[in-house]
Amino acid sequence: MFGSISETQKAILSGDIKCVDVVDHFLQKIDEKKHLNAFLTVTREQAYDAAKKQDKLVSSYGRAVLERLPLLGVVVSYKDLFLTKGVRTTAGSRVLESYIPTYSATIVERSHTSGMIMIGKTNCDAWAHGASGENSDFGPTLNPHNNEFVPGGSSSGSAVSVAAGLSHVSFGTDTGGSVRQPANFCGIYGLKPTYGAVSRYGVVAMASSLDCVGVFSGYLGDCKKVFDVVRGTDGRDATLKNGGFHIGRKPVIGVPDEYFSEDVDPVVLENVMQALEVFKGGGYKVKRVKLPSTKYAISVYYIVQPAEVSSNLARYDGIRFGESREMFGLEAKRRIVLGTFVLSSGYYDEYYKKASKVRTLIINEFDEAFKSVDVLISPVSPSTPFRIGEKSADPLKMYLSDILTVPANIAGIPALSVPFGRYKEFPLGFQLMGPKFSEEILFEVAGDFERMTDYKFIPV
Amino acid sequence: MDEKFEPVMGLEVHIELSTMSKMFCGCASDHFGKPPNTQVCPVCLGMPGSLPFPNLEAVKDVIKLGLSVNSSISRFSKFDRKHYFYPDLPKGYQISQYDLPLCSGGHIILRSGKKINIRRIHIEEDTAKLLHVSNDEESYSLIDFNRSGVALCEMVTEPDFNRVEEVVEFLKEVQLIVRYLGISSADMEKGSMRLEANLSVRRVGEVGLPDYKVELKNINSFRFLDKALRYEIERQIRILKDKEKVIQETRGYDQSKGVTFSQRSKEEEMDYRYFPEPDIPPMVFDDKFISGIVRELPELPYAKRDRYLSDYGLPSNYVEVLVSEPERAAFFEHAVRLDSRYKVGVKTIANLIVNKDFDRKYPSPESFMKKILDLMKKEYASGDLTSKAVREVISENIKAVEDYNKGKGEVVGFLIGQVQKKLRGKGDPALILQQLNNALKVKGKL
């Protein structure tokens, strides 16, 4: 009843339950799973208010409500990077501990006008800096499959929110893998759309040329429904474009050699190879492709990203938005210093400019690859979930968690993390990448895979 | 031996564009005299998550200015972030343009024929306004964000100025062009045109730039511009004459004391850590876009001057007055068009505007022309009266007529005076002259 969007809507419209019951259900789950530390703020009252309004609409208009509210009764959580008018937004940092925004992000507005009900704001690595959730100033989020392990990051709470059944769907941000990797560690779908497909307006910026608003869901169809509602130009984010296409034949799957290297845990590799067998068995054509500059992606990322971070964090001057600059954590300070250095005169050409050139090279290689294949398949994280504390003392090791997800951000292409397989108690999976605005094709391929494997999402 | 020195000056001119909305958000940009912080939004306040959405009109305005001063327009341009910390800059960076400005090169030619070269013209956002309050009890600063994010255009010249008059003439010309384009009020007193001068001094005869420069700031009227520049030039010459070195620094101008004072030593160059603004895609302009803007350009003051001189044969001081305000020039041209019906003559029209401010007294060109006609009727005696007076004067001044016949042409002036006396000054000089000439010719033949 509280599983997928269509299941819940069916129950609401048939009169079996009310929207208020849906809210009850998820609030109860949130209370039960408090120890996971997935939420920084639970918006109990707002959720009930919204649900009551929707219940009234349902009782007066019945099914017709769906025309105005296509996502009626859908309970959503937002990574605490999305500005929510009147509701505290911290970005996971003590610097914004008491910051209450005066406006809402475009995607928050669009979600609410389409009928989604906000249940709360989720925990994340401070300023979205991290791949484990351990960098949150409000304590780490725990992996629901084993509480001694990390859920991935930086959109940790959002991934857990969906994986543990605390909301239907959740919004995260993906700058270098922050949606796909936690989705992978938690066993759910995680979409990082094309750069410029979904508005960044009202999202605390990390690295502006890489940031993407992403969607978490347990069910593939839900991901698509939510993406369709929030995508598209808004007159506020100048980098937005409208796009999308179909190819009208069975997509050809590319296997990039560089993503299957010995740096990737054999367990992870073996699992992706199995997925590939499923595709082959389903009649998909599979081709090997080369993306030789992949090895530079993480270097490019750790120049461009801190550069933009250092610029974007300049506004948190300790005068406005609440708390002092002393509250910045180590990782933010590290990136501010690194970014300031690579942009300094005398070093700009050597670092930032060179990184931009390599970035172009990586983009060109993807373009070239997509001439012969329609989607690429690869592992998401080079390892299975790691223990809390295992990598937190070694930033470089942590940075390498992003090695397989970062290229899609550098190239601005869409990528979808798909749950498949298990290792011990942990879920595994793979990612599909496609050319810009190929989200429909990614959904199509993942949907086919779901049917072939008879996959069913079960919250932890 | 008394050494001669000359200043070497370059300018940075900031012009606040009068677009309806600000550079990157929908807030109204006309901030003059508005209650503080009433025209603000998340974007111009630098709130978390806000993003800039560029104003295409402002971009077009800057391209218009570039086209009007012979700049070449970049087909590929972009915005960059310029970082520095100051309370008037809420994001910690200003969105400006670094290596690919909208316009590069260009020049303006002064009356002397000297060419002042323009290095670049770019677009950026204005900062907020700081108000420093200080009294016996306390001292604090207030910030008004109404100005934050207003579209600003910056023109940078080459160091081609060697005389204060050149600077003033150049600035007045820029101001005039901007006003003709209608892209800004370019009012120095209101801060919609702001100026920084880079100034150094060298010995006359030396070529090349001196090894230092002083940046002169907060000059907010033409009157103070002249004074500030002269003061600073004299100050530097004094230092050089004493065989001392002028310190490279930023200096301000104190209006009340009439002196410049040190604001900030510039020994260490600021590092603005420019990088391409990732929130705004680069701009690509095709020929069609540029030619569309060219078609929108009005006739500019320098073209108008040439035309008034050549088509109407007006004296250059008249031309200057007519061209000095776009509204005046438009009024004059409207009146001239109406003259095909009224036939009072371009010179009469120009004369009444320049010397009598008739355009101010009669704001519609139609009423202006009618007034001229009325005046002419009232003032000038009729043709019959005039010829009667001429006949009388000739018969009463036989001596003068004889002198005239002997070749003393200058007596005509005396005779005109006599005719005017009879007409009580209401004669039409042209008509009197014509009639006198006719009458004298007839007399001469007798």
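What you see is a predicted model, and the numbers here were worked out from it, not measured in a lab. (Residues numbered from 1 in each chain as written. Chains lettered and ligands numbered in written order. Predicted model: local features only at pLDDT ≥ 70, side-chain atom pairs only at ≥ 80, totals over all residues. Heavy atoms only, no water.)

Caption draft 1: The interface of chain A and chain B, seen in detail. Contacts between the two partners involve 32 residues from chain A and, on the opposite side, 28 residues from chain B. Summed over the three residues of chain A that lose the most area to chain B, namely Ala238(A), Ser311(A) and Arg315(A), the buried surface amounts to 23% of that side. Two residues, Arg200(A) and Asp279(B), come together in a salt bridge whose shortest N-O distance is 2.9 Å. Contributing elements (two or more residues each) for the side of chain A that touches chain B: helix 10 (294-312) and helix 11 (330-343) of chain A. Sort the elements by how many residues they give to the side of chain A that touches chain B and helix 10 of chain A lands first, with 4 residues. (Contact = heavy atoms within 4.5 Å. Buried area = accessible area lost by both parts, 1.4 Å probe. Salt bridge = Lys/Arg side-chain N within 4 Å of Asp/Glu carboxyl O. Helix = DSSP H or I, 4+ residues; strand = E, 2+ residues; numbered from the N terminus.)

Caption draft 2: Inspection of empty space enclosed by the protein at higher detail. Residues and elements named next belong to chain B. This model, assessed by the stated rule, comprises 5 cavities of 30 Å³ or more. By volume, the largest cavity is sized at about 100 Å³. What lines the largest cavity is a set of 15 residues, and nearest its centre among them are Phe24, Val43, Pro52, Lys91 and Ile95. For the lining of the largest cavity, the residue count by class is 8 nonpolar, 2 polar and 5 charged. (1 Å grid on protein atoms, 1.4 Å probe; cavity = no way out; pocket = protein on both sides within 12 Å on 5 of 7 lines; lining within 4 Å. Points joined across faces, edges and corners; volume = space filled by probe spheres on them. Nonpolar A, V, L, I, M, F, W, Y, C, P; charged D, E, K, R; others polar.)

Caption draft 3: Seen up close, the sheet that holds strand 7 (residues 253-256) of chain A. All names here are of chain A. An order of 1-3-2-4-6-5-10-11-9-7-8 is seen for the 11 strands of this open sheet, with the pairing classed as mixed. The sheet terminates laterally at strand 1 (39-42) and strand 8 (286-289), the two strands that pair on one side only. Going from strand to strand, the sheet's axes swing by 30° on average, the running direction of each strand aside. Sheet topology note: the strand 4 (residues 169-174)/strand 6 (residues 212-217) ladder contains 6 bridges and is antiparallel. The partner of threonine 173 across the bridge, within strand 6, is valine 213. Each of strand 4, strand 5 (189-192), strand 6 and strand 10 (415-423) is contacted by helix 8 (residues 220-230), which is oriented at about 145° to strand 6, the strand it contacts most. (Pairing = 2+ DSSP bridges. Axes fitted to C-alpha atoms, helices over the stretch in contact; angles between N-to-C directions.)

Caption draft 4: Representation of the environment of Phe328(A) within the structure. Residues and elements named next belong to chain A. By the element assignment, phenylalanine 328 lies in the loop between helix 10 and helix 11. Residue classification places phenylalanine 328 among the buried positions, given a relative accessible area of 8%. As a C-alpha pair, phenylalanine 328 and leucine 276 span 52 residues in sequence and 44 Å in three-dimensional space. Residue contacts for phenylalanine 328: discarding those within four places in its chain leaves Val95, Trp127, Leu313, Tyr316 and Lys333. (Buried < 20%, exposed > 50% of the residue type's maximum accessible area, 1.4 Å probe, protein only.)

Caption draft 5: Layout of unusual backbone geometry. Along the chain, Gly153(A) connects to Ser154(A) via a cis peptide bond; the corresponding omega equals 10°. We note that Asn37(B) has phi near 55°; this positive angle belongs to a residue other than glycine. In this fold, Asn37(B) is placed in the loop between strand 1 (5-16) and helix 1 (56-68). Unlike most non-glycine residues, Asp357(B) shows phi in positive territory, near 55°. Tracing the sequence through the fold places Asp357(B) in the loop between helix 8 (346-356) and helix 9 (358-361).

Caption draft 6: Summary view of the layout of surface pockets. Reported here for the second largest pocket is a volume of approximately 860 Å³. Along the walls of the second largest pocket sit 28 residues, with Tyr195(A), Ser209(A), Pro278(B), Pro281(B) and Pro282(B) positioned nearest its centre. Contributing elements (two or more residues each) for the lining of the second largest pocket: helix 12 (349-372) and helix 14 (406-411) of chain A. Of the residues forming the lining of the second largest pocket, the biggest block, 5 residues, is contributed by helix 12 of chain A. Taken together, the residues of the lining of the second largest pocket break down into 15 nonpolar, 7 polar and 6 charged.

Caption draft 7: The arrangement of the packing of helix 11 (residues 383-396) of chain B against helix 13 (residues 411-422) of chain B in detail. Residues and elements named next belong to chain B. Where helix 11 meets helix 13, the axes come as close as 9 Å, and the angle between the chain directions of the two elements is 125°. It follows from the interaxial angle that helix 11 and helix 13 lie oblique. Remark: the crossing between helix 11 and helix 13 carries right-handed chirality. Side by side, helix 11 and helix 13 meet where Ala389, Val390, Glu392, Val393 and Glu396 of the first sit next to Leu415, Gln418, Val419 and Lys422 of the second. Tallied by class, the residues present in the contact of helix 11 with helix 13 amount to 5 nonpolar, 1 polar and 3 charged. (Parallel < 35°, antiparallel > 145°, perpendicular 65-115°, else oblique. Left-handed = near helix turned anticlockwise from the far one by under 90°.)

Caption draft 8: View of the pairing of strand 13 (residues 214-219) of chain B. All names here are of chain B. Bridging between strand 12 (residues 193-203) and strand 13 involves 4 bridges; their strand directions are antiparallel. Within strand 13, the residue paired with leucine 199 across the bridge is valine 214. In terms of handedness, the path from strand 13 via helix 3 (residues 222-241) over to strand 14 (residues 249-254) forms a crossover that is left-handed. (Right-handed = clockwise from strand over helix to strand, strands pointing away.)

Caption draft 9: Quick peek at the pairing of strand 10 (residues 139-144) of chain B. Residue and element names in this part refer to chain B. Strand direction decides the pairing type here: strand 9 (residues 129-134) and strand 10, joined by 6 bridges, are antiparallel. Across the sheet, lysine 129 pairs through a bridge with aspartate 144, a residue of strand 10. Counting the residues in the hairpin turn of strand 9 and strand 10 gives 4 residues.

Caption draft 10: Looking closely at the packing of helix 2 (residues 19-32) of chain A against helix 3 (residues 44-61) of chain A. Residue and element names in this part refer to chain A. At their nearest, the axes of helix 2 and helix 3 sit 8 Å apart, and the two run at 160° to each other. Relative to helix 3, the element helix 2 lies roughly antiparallel. Contacts between helix 2 and helix 3 involve Cys19, Val20, Val23, Asp24, Leu27 and Asp31 on the former and, on the latter, Arg44, Ala47, Tyr48, Ala51, Lys52, Gln54 and Asp55.

Caption draft 11: Just the packing of aromatic side chains, in detail. Under the counting rule described, the total for this entry stands at 41 aromatic pairs over all chains. Here Trp127(A) and Tyr316(A) contribute two aromatic rings whose centre-to-centre distance is 4.7 Å and whose plane-to-plane angle is 45°, an arrangement assigned as tilted. Of this pair, Trp127(A) sits in the loop between strand 3 (117-122) and helix 6 (156-163) while Tyr316(A) is found in the loop between helix 10 and helix 11, placing the two residues 189 residues apart along the sequence. In this pair, the class of Trp127(A) matches that of Tyr316(A), namely buried. An aromatic cluster of at least three residues, connected via ring pairs, comprises Tyr99(A), Trp127(A), Tyr316(A), Phe321(A) and Phe328(A). In this arrangement the basic side chain of Arg88(A) is found over the ring face of Phe138(A), its NZ or CZ atom lying 5.6 Å from the centre. The ring of Tyr272(B) is capped by Lys82(B), whose NZ or CZ atom sits 4.4 Å from the centre of that ring. (Phe/Tyr/Trp six-rings, centres within 6.5 Å; stacked < 30°, edge-to-face > 60°. Lys NZ or Arg CZ within 6 Å of the ring centre and 35° of its normal.)

Caption draft 12: Focus on the domain arrangement of chain B. One can read the domain layout of chain B as domain 1 (5-289), domain 2 (299-379) and domain 3 (383-445). The gap between the C-alpha centroids of domain 2 of chain B and domain 3 of chain B is 31 Å. (Domains from an automatic or database assignment.)

Caption draft 13: Broad picture of the confidence of the model for chain B. For chain B, the average pLDDT comes to 91, and 97% of its residues sit at 70 or higher. Interface confidence in the predicted complex, given as ipTM, is 0.96; pTM for the same model is 0.90. (pLDDT = per-residue confidence, 0-100.)

Caption draft 14: Molecular detail of the pattern of salt bridges. Residues and elements named next belong to chain B. Tallying each qualifying case throughout the model produces 59 salt bridges over all chains. The salt bridge partner of aspartate 287 is arginine 75, with a shortest N-O separation of 2.2 Å. Placement of aspartate 287 in helix 4 (residues 287-296) and of arginine 75 in the loop between strand 2 (72-73) and strand 3 (76-77) is noted, with a sequence separation of 212 residues between them. Arginine 75 gets classed as partly exposed once you look at its relative accessible area, which sits at 37%.

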